[in-house]
Protein chains: 2
Amino acid sequence: MPEVALSLSIGQVAERTGLSVHALRFYEREGILATPVRRGPGGRRVYSEWDMDWLDVCTRLRASGMPLTAIRRYADLVRAGAGNEEERLALLRRHQEHVTAQIGELTACLELISCKVRLYEDRVAADAADPLWSQPALPKNDSQELAPG
Amino acid sequence: MPEVALSLSIGQVAERTGLSVHALRFYEREGILATPVRRGPGGRRVYSEWDMDWLDVCTRLRASGMPLTAIRRYADLVRAGAGNEEERLALLRRHQEHVTAQIGELTACLELISCKVRLYEDRVAADAADPLWSQPALPKNDSQELAPG
DNA sequence: GCTTGACCTAGAGCCCGCTCTAGGATGCAG
DNA sequence: CTGCATCCTAGAGCGGGCTCTAGGTCAAGC
């Protein structure tokens, strides 16, 4: 019943998280890990399941644009133990808002891009249908001059 | 009827686009501008409405994570004139997919973050209701050890 | 016994996207 | 005339986030 706690080498962790071994050591130096990594014989790092879970959280925070300094702050709070939940909450809420805003902005950008894609699809299609219509020197619908790109 | 074409100084453009004057000059050096900026007396840059529109497109592409090299490529194509619409389309489509993927990833991250926010809201609320219940050394629901952060 | 490979530390190096400095011209206000 | 703001160029510098190098330890396999 008590499954043996899994323990991984840095190479294995790199493989599973997608982070490089360099990045993993770098994160550790930077205080990104909430608990000190255990060391095996020869001073080799031994990662626990908990470490993996934490790293997964970190990669998601990173993927959503949280800077390392903020992640370190969060790690510090977790390391410090119970009693600072309000601060953790505040930190997470700030990031939550940040990500929400980011999604909004990306969605707006996507709209513009999609609009341009449609425009070019039409142009290319028209060109294929009648190459003479759209090639000559600024026929009539001089979209090149009226709107950029 | 022919409204006088508006022309802006680099400072004014900086103000309206939110880019710094440094960034504007930098972009120009980097070939990000699709048309060469006109110069007024004393060699000063004079931006047209078209330039502004182009810059707006650029800032949206940047905001959605397109690297400067890709924007330069796009600018090169536009500068080259008609005949390369397929390539522009391909470039934009790639970015479109990229942005879509990014939104997906952010949304997933947001879910995790929101989940954690809720968790901490509950913890903090419980703590406020009964400080003695959640403070002492790992009471029972030892969430600290079972799940990171 | 020797090679190979995964690991260790400390620190240098790199890419991106700006940002700032130095040193100077121009133009307008008091 | 003298400030003062705004602009110019060329190029150095910077912050973030890794990435890589040098030099070394250790264990396994041939």
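What comes next concerns the included structure. (Residues numbered from 1 in each chain as written. Chains lettered and ligands numbered in written order. Predicted model: local features only at pLDDT ≥ 70, side-chain atom pairs only at ≥ 80, totals over all residues. Heavy atoms only, no water.)

### Some remarks on the overall build of chain A
Here comes step 1: What chain A contains, in helices and strands, is 7 helices and 3 strands.
Here comes step 2: Relative to its 149 residues, chain A shows a buried fraction of 40%.
Here comes step 3: Sequence separation of at least 24 residues holds for 47% of the intrachain contacts in chain A that already meet a minimum separation of 6.
Here comes step 4: About 8700 Å² of surface is accessible on chain A, with carbon and sulfur atoms providing 56% of the total. (Helix = DSSP H or I, 4+ residues; strand = E, 2+ residues; numbered from the N terminus. Buried < 20%, exposed > 50% of the residue type's maximum accessible area, 1.4 Å probe, protein only. Contact = heavy atoms within 4.5 Å. Areas by Shrake-Rupley, 256 points an atom, 1.4 Å probe, with all protein chains shown as cover.)

### Quick look at the relation of the copies chain B and chain A
Here comes step 1: With an RMSD of 0.0 Å, chain B superimposes on chain A once it is rotated by 180° and translated 0.0 Å along the axis. Taken together, the rotation and translation describe the operation of a two-fold axis. Of every C-alpha in chain B, the one belonging to isoleucine 103 of chain B sits nearest the axis of rotation, 3.0 Å from it.
Here comes step 2: Most of the interface of chain B is mirrored in chain A, where 98% of its interface residues are also at the interface. (Least-squares fit on C-alpha atoms with pLDDT ≥ 70 in both.)

### Some details on the side chain of threonine 17 of chain B
Residues and elements named next belong to chain B.
Here comes step 1: Checked against the element boundaries, threonine 17 lands in helix 1 (residues 10-17).
Here comes step 2: In this structure the side chain of threonine 17 is engaged in a polar contact, spanning 3.2 Å, whose partner is the backbone nitrogen of leucine 19.
Here comes step 3: Those residues within four positions of threonine 17 in sequence are excluded, and the remaining contacts are Met52, Leu55 and Asp56. (Polar contact = N/O pair within 3.5 Å; in protein donor to acceptor, adjacent residues only side chain to side chain.)

### Thoughts on the protein's contact with DNA strand D
Here comes step 1: Surrounding DNA strand D, one finds 17 residues, the nearest of these being Arg62 of chain A together with Ser9, Arg25, Arg44 and Arg45 of chain B.
Here comes step 2: Within 4 Å of the protein, the atoms of DNA strand D are drawn from sugar and phosphate moieties in a proportion of 64%.
Here comes step 3: With respect to DNA strand D, the side chain of serine 9 of chain B contributes an N or O atom lying 2.9 Å from a phosphate oxygen.
Here comes step 4: If you list the elements that add at least two residues to the surface near DNA strand D, you get helix 2 (21-29) of chain A together with helix 1 and helix 2 (21-29) of chain B.
Here comes step 5: No other element matches the 3 residues that helix 2 of chain A contributes to the surface near DNA strand D.
Here comes step 6: The residue makeup of the surface near DNA strand D, split by class, is 5 nonpolar, 5 polar and 7 charged. (Near = heavy atom within 4 Å. Nonpolar A, V, L, I, M, F, W, Y, C, P; charged D, E, K, R; others polar.)

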